[in-house]
Amino acid sequence: MGIITRNFANNILSGGTIDATDGIDGVIPSSNITNSSLLSITAVPAAVGDTIESTASDPSPLTEGQFFYNSTTGALKGVVQIKSWSAGGNMGTARKAMGSAGTQTEALGFGGNNPSVQSLTEEYNGASWSAGGNLGTARYELAGAGTQTAGLGFGGYTTTVQSATEEYDGSAWAAGGNLATARYALGGAGVQTLALAFGGYTTANTGATEEYNGSTWTAGGTMGTARRGFPGCGTQTAALGFGGITTVVVANTEEYDGSTWTAGGSLNTARRSLGGAGIQTAGLAFGGYEGTNFSGTEQYDGSSWSNTTNMTTGRSELSGAGTLQAGLGFGGSTGANSAATEEFTSSINVTTAAAWASGGNLTTARQGLAGAGTQTAGLAAGGAASGTEQSATEEYDGSAWTAGGSLGTARQSIQGAGTQTAGLVFGGYITTNQSATEEYDGSAWTGGGNLGTARRSFGGAGTQTAGLGFGGYTNTNSNATEEYDGSAWTAGGNMGTARYSLGAAGTQTAGLGFGGNTYLPTAFKNNTEEYDGTSWTSSNNLNTTRGSIGGAGTQTAGLAFGGSTGSITAATEEYNGTSWSNTTSMSTARRSMASGPSGTQSAALSSGGFTTTQVANTEEFTGAFDTTTASTITTS
């Protein structure tokens, strides 16, 4: 949370004015001060006549605009938005003058120059860029509009000025209707079926505007200032264009209402080749060139621009996406082509990034073991070390592993579920596939009902009295599902895709299976399926295709980590019940770690596995989280 510096000691206590620079509007009369040494401003925002009170501790929860005096610490505090740029994942190909579309977590960058003309498309998921389908026409200084799965690219330059329009469906580009006026270095706004193209350069600067309906462009109102090298944002009927160059760099802003452009407030710093994001009443301008590469950022409120936090790296010819609250700047030139991505955040929260941290090592290094429990009360059993099946059980307390009761049957490629004091292991492999089930009471294992189908390397979830086993390998790829009631297994609905070495999460009535392998033919899988207690349905695929993968969490908040893509990976992904997004990778890439959900999406546990040999490593995952903290208002 940012620090507000202001001396309130005299002007508040005497009933003085708190002005806009203090983050509060209005006059608070001294008659409303209930204790001249204990202050609390709780209005959001404070207004004329609000009573000033005290509080012995910081209120919870905190809300934006809240101000109070903590009488215990003697600090006047306020909750205000912090605005910052932070590093995102680098693009695969450094380049400048790209087209762009989308949001901070689902962005699209296409075309550009590095220094040859590019047709490449890259997609951003909030953490990393991946390759998309190439443009039909390689070009740079083109404009973009729309989203990552319904994008639009138009205009630009190759060795000639371009009028071509292309539409993106999330994987491939297809030709759309050509612009009436070929041009480059133009502005763009809107969505794929309601887009706007304006300004740019033909054989001279132009102010011409065209509107797209999903198939053809038609003339709109002409801009007041013909220019090139500027961004646009907003919609077809509420667009914003700002900065650029005529014969000199300009600060002009113009607003479009669907037919006419009118002048808006000028940028504080005139510049060209800048990035932009947002909407007409909440715009974001960043970077650019004003005699040198520039890092300045400004925000627009519908009438005027104000300076805010600078980018980390000054650059020009960069691309932008997103909103005023969650903007994205990527690519461009710092003198050399850049692959850097920066994310702009305006929030009352401080976000702590997701992280993997080392935990205590297993006593016995092994792979293909069963896992269960939580990050602070974990269970690991069985597995293989140097080709020998293990029966050892270990219990985790959040920092160290200690020995528990041994399994009745030593085995590997075994599945786990349940908790540290009510654990379940089933299936596996010795010299043949196994069907044995064992139940753990916190100290010893006892036999349970056998699986209907002996198998190994399969998915499992649930509890000791409501377990779920699915997929795996019998002597062929399996799609079979079985449900455990605490004493016996019964058949459930078959998976859509037969496979083994898949990840698992969830419960018996809300299960999640993802990734895996098949044999004959041998292939890694990215399929995700959800179980409702009766049948499986397909959902969106993992971003990284892989098998021998770890899992944790629930059907609506799952976690996938590690595994093999053909080579061992540390990649980690989070599932929100619909789709997967990349997050912080494991410290140690590995496969065949403890199998069975261990922990939650925000507090998971991974133990053992294989790198180039069996490992004893334990890693603990902590998901990203936001913290709202009141800033101390200090004297200045």
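Residues numbered from 1 in each chain as written. Predicted model: local features only at pLDDT ≥ 70, side-chain atom pairs only at ≥ 80, totals over all residues. Heavy atoms only, no water.

Caption draft 1: Highlighting the overall build of the protein. Counting its regular elements, the protein contains 0 helices and 56 strands. Here the protein, with 636 residues, has 54% of them falling under the buried criterion. Of the contacts made within the protein by residues no fewer than 6 positions apart, 49% connect residues no fewer than 24 positions apart. Total accessible area computed for the protein in this model is approximately 23,300 Å², and 48% of it derives from carbon and sulfur atoms. (Helix = DSSP H or I, 4+ residues; strand = E, 2+ residues; numbered from the N terminus. Buried < 20%, exposed > 50% of the residue type's maximum accessible area, 1.4 Å probe, protein only. Contact = heavy atoms within 4.5 Å. Areas by Shrake-Rupley, 256 points an atom, 1.4 Å probe, with all protein chains shown as cover.)

Caption draft 2: Highlighting the pattern of salt bridges. Here the structure, examined in full by the defined rule, presents 13 salt bridges. Between glutamate 298 and arginine 271 there is a salt bridge, with the nearest N and O atoms lying 2.9 Å from each other. Taken together, the positions of glutamate 298 in strand E22 (residues 297–300) and arginine 271 in the loop between strand E19 (261–264) and strand E20 (275–279) put the pair 27 residues apart, joining distant regions of the chain. The same class applies to glutamate 298 and to arginine 271, which are both buried. A salt bridge links arginine 366 to glutamate 394; its shortest N-O distance comes to 2.9 Å. Of this pair, arginine 366 sits in the loop between strand E28 (355–358) and strand E29 (370–373) while glutamate 394 sits in strand E33 (residues 393–396), and the two are 28 residues apart along the sequence. According to the relative accessible area criterion, arginine 366 is buried, its value standing at 0%. (Salt bridge = Lys/Arg side-chain N within 4 Å of Asp/Glu carboxyl O.)

Caption draft 3: Seen up close, the sheet that holds strand E34 (residues 401–403). Across the sheet, 4 strands lie side by side as E29-E30-E33-E34; this open sheet has antiparallel pairing. This sheet does not close on itself; its edge strands, each paired only once, are E29 and E34. Neighbouring strand axes in the sheet, compared pairwise and without regard to direction, differ in orientation by 25 degrees on average. (Pairing = 2+ DSSP bridges. Axes fitted to C-alpha atoms, helices over the stretch in contact; angles between N-to-C directions.)

Caption draft 4: Highlighting the side chain of serine 548. As for its placement among the helices and strands, serine 548 is situated in the loop between strand E48 (536–539) and strand E49 (550–553). Overall, serine 548 belongs to the buried group, its relative accessible area being 17%. Beyond its immediate sequence surroundings of up to four residues, serine 548 is in contact with Ser501, Asn517, Gly563, Arg591, Ser592 and Met593.

Caption draft 5: Focus on the packing of aromatic side chains. For the structure shown, the criterion picks out 29 aromatic pairs. Relative to tryptophan 261, the ring of phenylalanine 198 lies with its centre 4.9 Å away and its plane at 55 degrees, an arrangement referred to as tilted. Highlighted residues: phenylalanine 198 in strand E13 (residues 194–198) and tryptophan 261 in strand E19, separated in sequence by 63 residues. In terms of burial, phenylalanine 198 and tryptophan 261 fall into one category: buried. Each member of the aromatic cluster is reached from another via a ring pair, and the members are Tyr140, Tyr157, Tyr184 and Tyr201. Taking NZ or CZ as reference, arginine 227 lies 5.3 Å from the ring centre of phenylalanine 230, over its face. (Phe/Tyr/Trp six-rings, centres within 6.5 Å; stacked < 30°, edge-to-face > 60°. Lys NZ or Arg CZ within 6 Å of the ring centre and 35° of its normal.)

Caption draft 6: Region of the structure containing the environment of serine 606. Positionally, serine 606 belongs in strand E53 (residues 603–607). Looking at serine 606, the relative accessible area reads 1%, which means it is buried. Between the alpha carbons of serine 606 and phenylalanine 621 there is a distance of 8.1 Å; along the sequence they are 15 residues apart. In this structure, serine 606 is in contact with Trp356, Phe561, Met586, Arg590, Met593, Asn617, Thr618 and Glu619, ignoring residues within four places of it in sequence.

Caption draft 7: Examining the sheet that holds E13 more closely. Ordered in space as E12-E13-E14-E15, the 4 strands form an open sheet in which the pairing is antiparallel. Each edge of the sheet is formed by a strand with only one pairing partner; in this case those strands are strand E12 (187–191) and strand E15 (217–219). Put simply, the sheet's adjacent strands are angled 20 degrees from each other on average, direction ignored. Of the strand pairs in this sheet, strand E14 (residues 209–212) and E15 are connected by 3 bridges, and their pairing is antiparallel. Bridged to glutamate 211 within E15 is threonine 218.

Caption draft 8: How the structure looks around unusual backbone geometry. In this chain, asparagine 114 is followed by proline 115 through a cis amide linkage whose omega measures 5 degrees. Relative to the assigned elements, proline 115 resides in the loop between strand E5 (107–110) and strand E6 (121–124). With omega at 5 degrees, the peptide bond leading from leucine 520 into proline 521 counts as cis. Here proline 521 shows up in the loop between strand E45 (517–518) and strand E46 (523–524). Positive phi, normally seen in glycine, also occurs at glutamate 141, with a value near 50 degrees. Residue placement: glutamate 141 occurs in the loop between strand E7 (129–131) and strand E8 (143–146).

Caption draft 9: The pairing of strand E25 (residues 326–330), seen in detail. With 4 of its 5 residues buried, E25 lies for the most part within the structure. Pairing of strand E24 (residues 319–322) with E25, which is carried by 4 bridges, proceeds in the antiparallel orientation. Residue pairing for E25: serine 319 is matched across the bridge by phenylalanine 330. Between E24 and the antiparallel strand that follows it, E25, lie 3 residues. As judged from the 5 bridges shared by E25 and strand E26 (residues 341–347), these two strands associate in the antiparallel manner. By the bridge assignment for E26, glycine 329 is matched with glutamate 342.

Caption draft 10: Structural context of the side chain of glutamine 420. For glutamine 420, the location among the structural elements is in the loop between strand E35 (415–418) and strand E36 (423–426). Its relative accessible area of 17% is what places glutamine 420 among the buried residues. Within polar-contact distance, the side chain of glutamine 420 engages the backbone oxygen of glycine 378 at 2.8 Å. A polar contact of 2.9 Å, which involves the side chain of glutamine 420, links it to the backbone oxygen of tyrosine 396. Setting aside residues no more than four positions away along its own chain, glutamine 420 makes contact with Gly373, Ala377, Gly378, Leu379, Glu395, Tyr396, Tyr440 and Gly442. (Polar contact = N/O pair within 3.5 Å; in protein donor to acceptor, adjacent residues only side chain to side chain.)

Caption draft 11: Local environment of the pairing of strand E52 (residues 580–583). With 4 bridges joining them, strand E51 (residues 572–575) and E52 adopt antiparallel strand pairing. In the sheet register, threonine 572 faces E52, and the bridge partner there is threonine 583. Connecting E51 to the next strand, E52, in antiparallel fashion are 4 residues, including glycine 577 with a positive phi near 100 degrees.

Caption draft 12: Representation of the confidence of the model for the protein. For the protein, mean pLDDT is 90; residues scoring 70 or higher make up 90% of the total. Counted against residues more than four places away or in other chains, residues 1–52, with its pLDDT under 50, gives 127 contacts. (pLDDT = per-residue confidence, 0-100.)

Caption draft 13: How the structure looks around the environment of tyrosine 201. Structurally, tyrosine 201 can be placed in the loop between E13 and E14. Looking at tyrosine 201, the relative accessible area reads 23%, which means it is partly exposed. Placed 20 residues apart in sequence, tyrosine 201 and threonine 181 show a C-alpha to C-alpha distance of 9.7 Å. Each residue touching tyrosine 201, except ones within four places of it in the same chain, is listed here: Val161, Ala182, Arg183, Tyr184, Thr206 and Arg228. Polar contacts involving the side chain of tyrosine 201 include one to the main-chain carbonyl oxygen of threonine 203, which spans 3.1 Å.

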